[in-house]
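Fold and geometry: a report
Chain by chain, the residues:
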Amino acid sequence: MSSLKDIGVHVVHVGGNGNARAVLREVENLLQKLVEKGEESSIDLSGLPLSAEDYDLLEETLGEGEVVAEVHSLGPTRIHETGVPGVWWVTHYNDEDEVLAEFIEVAWCPEILLAPEDDVKDGLEALRARLFELKQESNHG
Amino acid sequence: MSAMELLLWARGPGLGIAVAIFLFGMTLRLFEIYSLGRKTDLAAPRSPTPGSGWRTVFSRSLPYQGTWHRSGLTVITGFVFHIGLFIVLLFLLPHIKLIHSLTGLSWPALPTSLVDLVTVLTLIALLVVLVHRLMDPVKRLLSGFGDYLAWAVTFLPLLTGYMAYHHLLLDYTLLLALHILSAELLLVVFPFTKLTHTFTLFIARWYNGDIAARKGVAS
Amino acid sequence: MADETLLEILKRRGISRRGFLKFCAATTSLLALPPSMAVAVADSLGRLKRPAVIWLSFQECTGCTESLTRAHSPSIESLIFDAISLDYHHTLQAASGHAAEEAREHSMKADWGKYLLIVDGSIPLKDGGAYSTIAGISNLQMLQEAAAGAAAIVAIGTCAAFGGLPHAQPNPTGAVAVSDIIKDKPIINVPGCPPVPAVMVGVLAHYLTFGSLPDLDDLGRPRAFYGESIHDRCYRRPFYDQGKFAKTFDDAGARDGWCLFELGCKGPTTHNACATTKWNGGTSWPVQSGHGCIGCSEPDFWDAGGFYKALSTPVDSVTGAAAAAVAVGAAAGVAIGIANRQRKAQARAEHQTVTIEDLEK
Ligand code: SF4
Ligand code: SF4
């Protein structure tokens with residue numbers, strides 16, 4: 001029986017369409033803004049027509065940095081700093097590990113890593129409540 | 001009416017109507033011209049005529065020295081836009097597909113970018129021709145409504161085609177519809193203006209060449 | 001519960017603010033908005049009340065609902081659908097028959113003037129609308145009643161948006177689009193046969209997020225998804241420009257991924273998100289799998305000539321008209337020719353020769 005492999009499919013590499021370069025230029029601009037004015041910004045990669053080659057070129061040029069982080073909320077979000085400090089690669093996944101959205105963030109720290117103020121306040125209260133409970137327990141014990 | 005409906009009309013009933021009027025008009029014209037006939041020339045020809053008519057059909061395409069010197073601009077722009085029209089009309093793939101679907105004939109296409117360049121040259125040549133017609137007192141005097149109409153219906157398909165390809169100003173669907181409609185306008189106007197020279201020029205040149213030979217000046 | 005905002009719903013489901021941030025980022029991306037809009041998205045999501053939605057299905061094949069239920073990004077989509085209360089959907093709801101119709105009428109009354117009406121399928125008008133009825137009510141009547149109390153209408157799929165397959169020649173049921181009947185309500189057309197799932201979700205998400213209509217083109221389609229043609233975003237475009245065309249579906253050119261124009265691709269005149277959003281969770285899309293675009297998101301695409309005929313070729317055959325024209329032209333030419341000859345002969349006959357006598361008179 002003939003297998004799938006026997007079907008003549010010729011894979012051609014159309015080559016990058018130049019969009020990787022455009023994105024890199026944009027990153028350069030945004031980074032300059034961050035340095036000069038402290039403005040943070042990001043680029044949505046899902047909406048751009050990037051070919052596989054473009055994508056590879058983008059990843060290669062930006063490289064790998066020192067930080068790798070993962071957030072677990074509504075499925076994992078994986079973040080790594082690229083070889084260019086201040087440029088972060090942020091990928092949001094759903095519970096089934098499919099990509100929901102992908103961004104390049106230019107920031108001192110990606111927003112999603114910062115603890116939200118309201119959550120911190122809630123946390124403080126929860127901690128105080130816990131301490132109070134502990135105190136009660138030790139009093140009774 | 002949306003752009004898509006217009007396009008469908010142009011590709012459907014519109015094309016049928018335009019082709020029908022064009023073929024009706026051209027057949028009518030040719031029959032009319034041929035049936036006028038000429039009296040047989042009873043005099044013995046001064047020089048042998050065979051071939052002279054045919055040679056004239058081609059030789060008249062080349063300008064005489066005098067013409068060349070007197071109106072070089074007309075000659076150059078004339079050549080550019082005629083050859084350009086010919087290339088654009090017959091060697092752009094979508095046009096070949098159209099001709100194929102109408103007649104079953106097909107041939108290889110030229111790269112789109114080349115046809116694009118030729119279109120620009122043709123458009124420029126046509127504009128120069130128009131400006132010259134308006135500026136030159138003699139030409140202006142000789143020109144009537146039919147001449148400007150013929151110019152416009154030739155220019156419009158090229159312009160709309162170019163705009164459609166480059167997505168200029170309007171939505172592509174609408175531009176494509178306008179392009180096809182303008183070409184259909186050309187077909188409709190064709191048999192009833194000087195544009196008929198596309199076909200009648202061969203008859204006229206042959207006759208002129210032949211009669212000249214009979215009078216002793218074979219080409 | 002109906003007064004909860006989306007943020008509150010998310011909180012109740014134990015989703016943290018980080019999760020909310022992520023939700024907003026993904027929604028912004030889904031809506032094809034710039035990332036800087038995420039703040040605005042978050043802001044309006046935090047304020048917006050849960051809107052009621054009524055979904056009516058008329059002359060349709062259920063393909064649109066099939067497509068929608070296969071939307072990618074399940075968690076985002078399910079959150080959005082948690083956020084709306086889908087009060088009535090023939091195919092998806094458990095109730096049926098008169099119980100279902102009662103539910104519809106009930107929720108229509110409860111949210112009169114505020115609910116979002118989603119319609120898929122075209123509406124038959126011929127013979128008093130007898131060709132499609134639900135619980136004895138004609139589609140036309142049901143649409144008019146439901147539309148009267150709707151804040152806005154979303155026409156999902158080419159049938160609801162433009163008439164689609166039922167509207168194709170010779171249109172035996174007299175099918176028309178929603179916009180042919182309803183003139184006094186905002187209508188968002190989301191055509192496609194079926195529409196790309198992410199586009200449907202995106203359009204609904206936009207309405208939920210901002211509570212307003214997205215920017216629409218002249219056919220009522222959201223520009224964010226239908227703003228560009230397939231051809232403009234097609235990765236085979238360089239081949240089109242170079243004049244490299246596949247001649248058959250399995251020649252060397254086809255295998256090398258050359259342009260499918262000659263094989264009937266309608267990409268140049270079709271506006272849809274396929275080329276960038278793709279299908280099946282971004283796996284591929286029709287042109288990528290080697291078949292030309294058939295123009296499914298445009299009006300009357302069924303009647304636009306054969307799917308496999310090049311866009312520049314005629315929709316109908318012109319041979320008959322051409323032959324007739326030549327015949328009539330020839331006949332007329334001959335008739336004029338004969339008339340001309342007669343005129344010549346007559347002129348010759350009437351020609352008065354001048355004689356010496358005449359001159360001496
Ligand atoms: S395959 Fe279709 S959409 Fe793609 S470039 Fe060719 S004609 Fe355009
Ligand atoms: S490629 Fe064209 S026909 Fe196919 S789904 Fe997309 S818009 Fe419709």
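Predicted, not measured: the structure shown is a model, and the values here were computed from it.

Concerning the overall build of chain B
A tally of helices and strands in chain B yields 10 helices and zero strands. Helices (α) and strands (β) of chain B occur, in sequence order from the N terminus, as α-α-α-α-α-α-α-α-α-α. For chain B, the proportion of its 219 residues judged to be buried stands at 37%. Long-range pairs, those at least 24 residues apart, make up 69% of the contacts in chain B with a sequence separation of at least 6. Here chain B displays about 12,400 Å² of accessible surface, and carbon together with sulfur accounts for 74% of that area.

Some details on the domain arrangement of chain C
All names here are of chain C. The domain boundaries assigned to chain C delineate domain 1 (49-226) and domain 2 (230-303). Every contact between the two is made by 22 residues of domain 1 and, on the other side, 16 residues of domain 2. Summed over both sides, the interface of domain 1 with domain 2 buries roughly 1,400 Å², with 66% coming from carbon and sulfur. Seen at the junction of domain 1 and domain 2, the total is one salt bridge. Across the salt bridge formed by Arg 221 and Glu 298, the nearest N and O atoms sit 2.9 Å from each other. Mapped onto the side of domain 1 that touches domain 2, the elements with two or more residues apiece are α8 (157-162), α9 (164-167), α11 (197-210) and α12 (223-226).

Focus: helix α6 (residues 112-135) of chain B
Each α-helix winds once per 3.6 residues, and so residues spaced three or four apart point in a common direction. Between its first and last C-alpha, α6 of chain B extends 35 Å over 24 residues, near the 34 Å set by a 1.5 Å rise per residue. Among the residues of α6 of chain B, Thr 112, Val 115, Asp 116, Val 118, Thr 119, Thr 122, Leu 123, Ala 125, Leu 126, Val 129 and Leu 130 of chain B are the ones counted as buried. Considering only its buried residues, α6 of chain B is in contact with α4 (72-91) and α8 (145-166) of chain B together with α14 (237-242) of chain C.

Some remarks on the interface of chain A and chain C
At the interface, 33 residues of chain A touch 23 residues of chain C. Contact with chain C buries surface across chain A, with Leu 74, Leu 100 and Ile 112 of chain A losing the most and accounting together for 25% of the total. Applying the counting rule to chain A against chain C returns eight residue pairs in polar contact (both at pLDDT 80 or more). Considering every element that reaches the side of chain A that touches chain C, the biggest residue donor is strand β5 (residues 99-106) of chain A, with four residues. When grouped by side-chain class, the residues that make up the side of chain A that touches chain C number 16 nonpolar, 10 polar and seven charged.

Examining the site of ligand 2
Within the structure, ligand 2 sits among Ile 230, Thr 270, Asn 272, Cys 274, Trp 279, Pro 286, Cys 293, Ile 294, Gly 295 and Cys 296 of chain C. Its residues assigned to classes, the shell around ligand 2 comprises seven nonpolar, three polar and no charged.

Details of the site of ligand 1
Taken together, 13 residues form the shell around ligand 1, and within it His 231, Cys 234, Cys 259, Leu 260 and Cys 265 of chain C come nearest. For the shell around ligand 1, the elements supplying multiple residues, two or more each, are α13 (230-233) and α14 of chain C.

Regarding the pattern of salt bridges
Under the criterion given, the structure shown has 13 salt bridges over all chains. Where Lys 247 of chain C meets Glu 262 of chain C, a salt bridge forms, and the shortest distance between an N and an O atom there is 2.6 Å. Of this pair, Lys 247 of chain C sits in the loop between α14 and α15 (252-255) while Glu 262 of chain C sits in the loop between α15 and α16 (274-277); the two residues are 15 residues apart in sequence, bridging distant segments of the chain. Among the charged side chains, a network of salt bridges with common partners joins Lys 97 of chain B together with Lys 247 and Glu 262 of chain C.

What counts, and at which threshold
- Residues numbered from 1 in each chain as written.
- Chains lettered and ligands numbered in written order.
- Predicted model: local features only at pLDDT ≥ 70, side-chain atom pairs only at ≥ 80, totals over all residues.
- Heavy atoms only, no water.
- Helix = DSSP H or I, 4+ residues; strand = E, 2+ residues; numbered from the N terminus.
- Buried < 20%, exposed > 50% of the residue type's maximum accessible area, 1.4 Å probe, protein only.
- Contact = heavy atoms within 4.5 Å.
- Areas by Shrake-Rupley, 256 points an atom, 1.4 Å probe, with all protein chains shown as cover.
- Domains from an automatic or database assignment.
- Buried area = accessible area lost by both parts, 1.4 Å probe.
- Salt bridge = Lys/Arg side-chain N within 4 Å of Asp/Glu carboxyl O.
- Expected span 1.5 Å × (residues − 1).
- Polar contact = N/O pair within 3.5 Å; in protein donor to acceptor, adjacent residues only side chain to side chain.
- Nonpolar A, V, L, I, M, F, W, Y, C, P; charged D, E, K, R; others polar.
- Near = heavy atom within 4 Å.

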